[in-house]
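Report on the structure
These are the residues of each chain, in order.
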Amino acid sequence: MADRSELADFLRTRRNRLRPSDVGLPDGINRRAPGLRRQEVAQLAGISVDYYIRMEQARGAKPSRQVLAALARAMVLTVDERDYLFRMGGENPPTVAGPNRTVPQSVRTILDALGTPAYVVDATYEILAWNDSAIPFIGDLDAFPDHERNMVRWMFLSAADHPQWSNSETRNFARTTVADLRAAYARYPGNPALARLVTELLGTAPRFAEMWNSHDVEVRRGHNKHIDHPDLGLLEFECQVLHISDTDQRMIVYCATPGSRADTVFRSLVAARPTTR
């Protein structure tokens, strides 16, 4: 249900925080109060001034989705603010078209600065960026096209009798990854990339089909990892998953206990400052 009073307050505060120059209007003179005028917001949104005034007074008809979308654009709302506006207007927020594949420069800077293997994946588990320390674990992905950098596809297209499936940690990781992928499937309904990935694996990977059909839903979290690397030997560490809220991406960071063998190996991999891909 719409919350007219909260919607009115929210519109008023968002309007008052804007300067005309923020929305391409001249600042002008003789402004007695900060922010945009009501008629300016109405003009930018393409609605009548009387209609907008009634909204700020918590009166009138319930706003349509088209009106809410127009107000969100007019007031230059962030995604979070837009979603809030829709909910206060009694509507579900617009769905996002698909997983964000653009890695913010700030995230790349963090990857550069880390002294441990780390990489970034989107909601479909395609690896988008990584540092040099991660290459011994995920390979040199520069040699692969984007669509072949998917962790879920790697995991489930390995042979059913592959030694990895005898490891309980690996099986648990696979289950929680599928549960997280199902959560993404709901966040991005109808997204072609997600639909193709799920359809492909349902037809080619019985283990994936079994886990998918259990309908478990769980956002990805950290876990302990034990690997016997062909070059680096036996390593034990925590695989921490950091959620990047602005892009719905995850940064996967290998965290070793200080002084452990894994810690020594990770430090040795950082002979020079890591570079991201």
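Residues numbered from 1 in each chain as written. Predicted model: local features only at pLDDT ≥ 70, side-chain atom pairs only at ≥ 80, totals over all residues. Heavy atoms only, no water.

1. Overview of empty space enclosed by the protein
The full count for this structure, using the stated rule, is one cavity of 30 Å³ or more. A volume near 70 Å³ is recorded for the largest cavity. Taken together, A2, R4, L7, R54, M55, A58, R59, G60, A61, K62 and P63 make up the full set of residues lining the largest cavity. Every element with two or more residues in the lining of the largest cavity is listed here: α1 (4–17) and α3 (49–56). When its residues are assigned to classes, the lining of the largest cavity shows six nonpolar, one polar and four charged. (1 Å grid on protein atoms, 1.4 Å probe; cavity = no way out; pocket = protein on both sides within 12 Å on 5 of 7 lines; lining within 4 Å. Points joined across faces, edges and corners; volume = space filled by probe spheres on them. Helix = DSSP H or I, 4+ residues; strand = E, 2+ residues; numbered from the N terminus. Nonpolar A, V, L, I, M, F, W, Y, C, P; charged D, E, K, R; others polar.)

2. Details of the environment of F208
Tracing the sequence through the fold places F208 in helix α11 (residues 206–212). Overall, the relative accessible area of 0% leaves F208 in the buried class. Separated by 51 residues in sequence, F208 and L157 place their C-alpha atoms 9.1 Å apart. When sequence neighbours within four positions are dropped, the list of residues in contact with F208 reads V152, F156, V178, L181, V198, L201 and L202. (Buried < 20%, exposed > 50% of the residue type's maximum accessible area, 1.4 Å probe, protein only. Contact = heavy atoms within 4.5 Å.)

3. What to know about the packing of α1 against helix α5 (residues 79–88)
Put simply, α1 and α5 touch, their axes get as near as 9 Å, and they point 150 degrees apart. Judged by the sense of rotation from one axis to the other, the crossing of α1 with α5 is left-handed. Residues E6, L7, F10, L11, R14 and R17 of α1 lie in contact with α5, whose contacting residues are E81, Y84, L85 and M88. (Axes fitted to C-alpha atoms, helices over the stretch in contact; angles between N-to-C directions. Left-handed = near helix turned anticlockwise from the far one by under 90°.)

4. Overview of the side chain of T176
Relative to the elements of secondary structure, T176 occurs in helix α9 (residues 168–187). A residue is classified by how much of its surface remains accessible, and T176, at 10% relative accessible area, is buried. Engagement of the side chain of T176 in a polar contact is seen with the backbone oxygen of F173, the distance being 3.0 Å. Look past the residues within four positions of T176 in its chain and what remains in contact with it is E218 and R220. (Polar contact = N/O pair within 3.5 Å; in protein donor to acceptor, adjacent residues only side chain to side chain.)

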